[in-house]
Each structure stands twice: as structure tokens, then as C-alpha cells.
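Given next are the chains, with one letter for each unit.
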Amino acid sequence: MLLAAGPVAPLAAHDLMVFLLQVGLLLGLAVALGRLFTRIGLSAVVGELFVGVLLGPSLLGHLSPGFSAWLLPHDPARFHLLDAFGQIGVILMVGVTGLQMDLGLVRRRGATAVRVSVPGILVPLGLGIGLAYLLPGSLLGTVSDRPTFALFVGVAMGVSAIPVIAKTLMELGLVHRNIGQLILCAVTVDDIVGWLLLSVVSAMATVGVSGGQILHSVANLAVVVVAGLALRRASKAAGPRIEAHPALMVTALLLAAAGTQALGLEAVFGAFLCGLALSGTRLADPQKLAPVRTIVVSVLAPVFFATAGLRMDLTALGRPSVLLAGVTVLAVAIVGKFGGAYLGSRLSRMSHWEGLALGAGMNARGVIEVVVAMVGLKLGVLSQEMYTVVILVAIVTSLMAPPLLRRMMARIEETAEERLREQTLTPGAVAAHL
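Here is a short report on the structure shown in this document.

Quick notes on the rules
Residues numbered from 1 in each chain as written. Predicted model: local features only at pLDDT ≥ 70, side-chain atom pairs only at ≥ 80, totals over all residues. Heavy atoms only, no water. Helix = DSSP H or I, 4+ residues; strand = E, 2+ residues; numbered from the N terminus. Buried < 20%, exposed > 50% of the residue type's maximum accessible area, 1.4 Å probe, protein only. Areas by Shrake-Rupley, 256 points an atom, 1.4 Å probe, with all protein chains shown as cover. Core = buried A, V, L, I, M, F, W, Y, C linked by side-chain atoms within 4.5 Å. Contact = heavy atoms within 4.5 Å. Salt bridge = Lys/Arg side-chain N within 4 Å of Asp/Glu carboxyl O. Expected span 1.5 Å × (residues − 1). Arc of directions from axis to C-beta. Phe/Tyr/Trp six-rings, centres within 6.5 Å; stacked < 30°, edge-to-face > 60°. Axes fitted to C-alpha atoms, helices over the stretch in contact; angles between N-to-C directions. Parallel < 35°, antiparallel > 145°, perpendicular 65-115°, else oblique. Left-handed = near helix turned anticlockwise from the far one by under 90°. Nonpolar A, V, L, I, M, F, W, Y, C, P; charged D, E, K, R; others polar. Patch = residues over 30% accessible without salt bridge, like charges linked within 9 Å, V, L, I, M, F, W, Y side chains within 5 Å.

## Some words on the overall build of the chain
Helices and strands together make up the secondary structure of the chain, namely 20 helices and zero strands. Within the chain, the proportion of its 434 residues that are buried is 53%. Of the roughly 18600 Å² of accessible surface on the chain, a fraction of 69% belongs to carbon and sulfur atoms.

## What to know about the nonpolar core
Membership of the largest hydrophobic core comes to 121 residues, with the highest contact counts inside it found for Phe 149 and Met 386. If we skip the residues at most four places from it in the chain, Met 386 touches Leu 135, Leu 139, Phe 149, Val 153 and Val 329.

## Brief notes about the pattern of salt bridges
Counted under the stated rule, the structure contains one salt bridge. The partner of Glu 385 in a salt bridge is Arg 319, and the shortest N-O contact between them spans 2.8 Å. In this pair, Glu 385 is assigned in helix α18 (residues 384-409) and Arg 319 in the loop between α14 (290-307) and α15 (320-347), connecting sequence segments 66 residues apart. On the basis of relative accessibility, which here comes to 42%, the residue Arg 319 falls in the partly exposed class.

## Here's the deal with unusual backbone geometry
Even without a glycine there, the phi angle at Arg 349 is positive, about 65 degrees. Tracing the sequence through the fold places Arg 349 in the loop between α15 and α16 (352-362).

## Here's the deal with helix α12 (residues 246-262)
The end-to-end C-alpha distance of α12, which contains 17 residues, comes to 24 Å, matching closely the 24 Å that a straight helix rising 1.5 Å per residue would cover. Those residues of α12 that fall on the buried side of the exposure criterion are Met 249, Leu 253, Ala 257 and Thr 260. Each buried residue of α12 lies within a common arc of 70 degrees when the element is viewed along its axis, so the set occupies one face. The exposed set on the far side of α12, more than 90 degrees from its buried face, consists of Leu 255 and Ala 262.

## A closer look at the packing of aromatic side chains
If you walk through the whole model with that rule in mind, you get four aromatic pairs. On the basis of an interplanar angle of 70 degrees and a centroid distance of 6.3 Å, the ring pair of Phe 19 and Phe 85 is categorised as edge-to-face. Of this pair, Phe 19 sits in helix α2 (residues 13-39) while Phe 85 sits in helix α6 (residues 76-99), placing them 66 residues apart in sequence. A ring pair is formed by Phe 37 and Phe 50, whose centres lie 5.6 Å apart and whose planes are at 25 degrees; its orientation type is stacked. Placement of the pair is Phe 37 in helix α2 and Phe 50 in helix α3 (residues 44-55), with a sequence separation of 13 residues. Under the relative-accessibility criterion, Phe 37 is labelled buried at 15%. Take Phe 50: its relative accessible area is 32%, and that puts it in the partly exposed class.

## Quick word on the packing of α2 against α6
At a closest axis distance of 10 Å, the pairing of α2 and α6 adopts a crossing angle of 40 degrees. Put simply, α2 runs oblique to α6. Here the hand of the crossing between α2 and α6 comes out right-handed. Contact residues: His 14, Asp 15, Phe 19, Gln 22, Val 23 and Leu 26 in α2; Arg 78, Leu 81, Leu 82 and Phe 85 in α6. Here the residues of the contact of α2 with α6 are counted per class, giving six nonpolar, two polar and two charged.

## Concerning a nonpolar patch on the surface
Side chains of Leu 11, Leu 16, Leu 20 and Leu 81 sit close together on the surface and give an oily, nonpolar patch of about 330 Å² of accessible area. Turning to its location among the elements, Leu 11 is positioned in the loop between α1 (2-5) and α2.

## With respect to the packing of α3 against α18
It is at 10 Å that the axes of α3 and α18 come closest, and there the two elements cross at 160 degrees. Accordingly, the angle class assigned to the pair α3 and α18 is roughly antiparallel. The crossing of α3 and α18 is left-handed. Contacts between α3 and α18 involve Val 46, Leu 49, Phe 50 and Val 53 from the first element and Ile 395, Ser 398, Leu 399 and Pro 402 from the second. Residue classes in the contact of α3 with α18 are distributed as seven nonpolar, one polar and no charged.

## Some remarks on α15
With 28 residues, α15 extends 40 Å from end C-alpha to end C-alpha; this agrees with the ideal 40 Å at 1.5 Å per step. Downstream of α15 by a residue or two, Arg 349 has a phi angle that is positive, lying close to 65 degrees.

## Quick look at the environment of Asn 220
Considering the arrangement of structural elements, one finds Asn 220 in helix α11 (residues 211-238). Sequence separation between Asn 220 and Leu 265 is 45 residues, and the spatial gap between their C-alpha atoms is 7.7 Å. The residues touching Asn 220, leaving out its near neighbours within four places in the chain, are Leu 263 and Leu 265.

In C-alpha cells form, the structure reads like this:
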């Protein structure tokens with residue numbers, strides 16, 4: 001069939017030129033704004049997220065529609081090239097984060113992570129559902145089903161985002177801290193539950209909820225976990241017969257991401273679980289994998305965060321009713337996440353400042369919130385205005401995380417165990433960049 005149809009035509013010269021221009025411009029601006037925001041005491045993630053706002057419909061598309069349409073064509077095929085580049089960045093970044101996880105700490109504090117995560121999900125989820133019943137009907141999409149709309153809003157309020165939190169912790173040099181590791185553990189639980197909830201509410205908006213749908217998602221998750229355990233056991237059994245190689249590690253992360261995507265789960269989960277499975281083995285030698293970390297943190301991740309804002313249109317907030325709804329939803333999201341995480345930490349006998357640090361880290365919504373919003377818009381559950389409100393929550397909470405984490409973590413004394421872990425996990429090349 002393929003031979004009869006002839007070879008696939010190469011990418012058109014103009015399309016290639018526009019793609020290279022997009023990536024170069026996004027990366028250059030992301031680095032420039034990242035450094036600028038770092039100098040004023042914020043994380044580089046803040047500047048990188050703003051690039052998408054500046055070049056997207058929120059600003060450039062509003063001020064110069066013609067140039068915006070030329071630089072960022074609405075043709076899905078062209079835009080998907082940029083999406084694919086950004087996805088490679090986020091997949092490898094989350095995989096590298098998994099490689100840096102201390103599984104000994106996870107085993108010791110896994111129960112604590114669950115105790116923190118459960119109220120960290122349930123409190124904002126409940127508040128979001130209750131708030132959704134009070135929002136005006138104009139914010140509902142074409143599917144005028146208030147319960148489904150309420151569940152979508154609740155899921156958006158309850159989730160956290162591994163990519164944004166991982167990048168923030170890496171930049172602030174907090175991955176080695178016990179609280180940093182606990183945040184990643186708790187957020188991993190958050191995201192797993194978030195994807196399962198999203199599958200349920202998506203089914204409600206289409207064919208309705210059934211026990212089979214839920215069991216299918218749980219079964220796929222179990223398959224991924226078992227595969228991760230098998231990979232870890234095999235890599236440890238191989239022992240000295242294998243050694244770390246950047247290309248081998250990247251291959252493993254990408255294949256794992258493809259596997260979870262094929263099972264209907266998010267690709268970043270495969271990369272994270274693969275990195276987690278290989279952490280502490282010879283394949284995860286931090287010195288030999290330093291080039292991968294440097295490229296991911298310095299080049300790929302900034303482009304991904306820059307692309308995150310390209311589909312937003314913040315001009316919709318100019319309408320008073322939409323702005324009021326946005327402020328209310330944002331306030332409920334922040335209070336719910338902080339309150340839930342803080343409650344879980346105190347129930348786990350953690351200190352006041354540790355509880356606030358957990359709340360600050362888990363409050364960042366980021367990527368998964370954007371996915372929830374896009375699914376809701378596509379299914380007709382959310383209106384364009386409500387979509388913008390949910391995206392606003394994702395951006396603002398992601399921007400809040402770095403300064404709040406820095407302030408809270410400064411109040412928590414660093415232990416000798418954490419200092420030793422920092423020497424093991426942070427290669428010089430990455431430390432210099434961060």
C-alpha cells in the first residue's frame with residue numbers, strides 16, 4: 001500500500017521555516033524572560049509561561065492579528081509540530097524528575113504522602129463542585145448539564161501538576177529536600193486520581209458513567225505499575241552488566257511514555273514511572289546523565305512552558321461577569337488546595353511551616369488543569385469564558401508556587417541527610433544552570 005502510494009512528501013520549505021522560527025523565538029524569549037524573572041526573585045518558569053501569553057491571542061493575536069496568524073498558523077498540522085516538540089520536553093523533564101526521586105524516602109513516607117494528598121484532593125474537589133452550582137448558567141457549555149459541569153470544575157480545582165512543580169523544585173534546588181520529595185510523592189497521587197476522575201467526568205459528558213469505564217482505567221494503571229516494578233527488578237538484576245548512557249535513558253523514557261499513552265493514560269506518567277523505576281540503579285548514574293539533564297532543563301522544558309499559553313485568550317476577562325467568576329474560582333482553588341494539604345500535613349504530625357510548604361507546592365495546577373479545560377471545552381461542558389477562567393487558575397497558581405515555596409522552605413532547617421542527597425543528585429552542570 002505504502003509503495004503503491006509513493007513516498008511521503010517531505011515537510012514543505014515554508015512550513016519548516018515557520019517551525020524553526022517558532023521554536024527559536026519561543027526558546028530565546030523563554031530564556032530572556034526566565035533570567036529576568038529570576039533576577040526579581042521569581043522562578044524562571046514564571047517568565048517562560050509569560051512567553052505564551054505574549055505571543056498568543058492574549059496579546060500578539062489581539063494587537064496584530066495578521067502577523068500572529070502568519071507566525072502561529074491556526075492550521076492544526078502546523079501547530080501540532082510545535083505541540084510535539086513541547087511534549088518531548090515535558091516527557092523528558094518529568095522522567096528526569098523521576099530519576100532524582102529517593103525511593104527510600106518514598107517507602108518511609110509513602111503513607112504520609114497519601115494522607116497529605118487525600119484531603120489535598122477532596123477539599124478543593126468538594127469546594128469546586130459546590131461553587132459550580134452557584135456560577136451563572138452562561139458559563140456552561142453547549143451540554144447544559146449542571147452536575148457534569150460541576151464535576152469538571154471540581155476536578156480542575158483538585159488536581160496538581162507534576163511538570164510545573166518538578167521544574168520549580170529543580171530550579172530552586174529543592175528536589176533533594178525531604179519536603180520536595182514529599183511534594184512530588186503527594187502530587188503523583190494527585191495526578192493519578194485526577195486522570196481517573198477526568199476519565200469519569202468525560203464519560204459522563206459523552207456516554208455516561210459505568211462501572212466498566214472505571215475498572216478499565218484502574219486496570220490500565222495496575223498494568224503500568226506492574227511494568228514499572230518489573231523494569232526496576234530487571235535493571236537491578238543486570239547489575240554491572242549495564243551502565244548509564246544518555247541515549248539509552250532517553251529511549252527508555254520515550255518508550256515508557258508511548259506505552260502509557262497507548263493504554264489511555266497520560267504520557268508523562270509513563271516517563272515519570274520509568275524514571276522512578278530506574279532511580280538508584282546503574283542506569284541512573286547522575287554524572288553520566290548530566291548532559292541529558294542540562295539539555296532538558298536549559299532547552300526543552302522552556303519551550304514547553306512557553307507553548308502552554310498559546311491557546312489562551314485572556315481578553316475574555318474584560319467582561320465583568322467573567323472577571324468576577326474568575327476571581328471567585330481562583331480564590332476557591334487556592335484556599336481549597338492550601339487548606340486540604342495543610343490539613344493532611346497536620347494530621348501527619350508535620351510542622352506548621354512544612355504544611356504551608358506542601359500547600360504552596362501542591363497548589364500549582366499547570367498542565368493537567370489545561371488538559372481538563374481543553375477536554376471540557378471540546379466536549380461542550382465548558383464555555384469559552386469558563387475555559388479561560390480555568391486556564392487563569394492554572395497560570396496564577398503556577399506563578400505563586402516559586403516565591404511561596406522559597407519563603408516556606410527557608411523556615412525549615414536542612415538536615416544532614418538532605419545535604420548528602422544534594423551532593424548525590426545534583427550534577428555540577430545542572431547546578432550551574434539552576
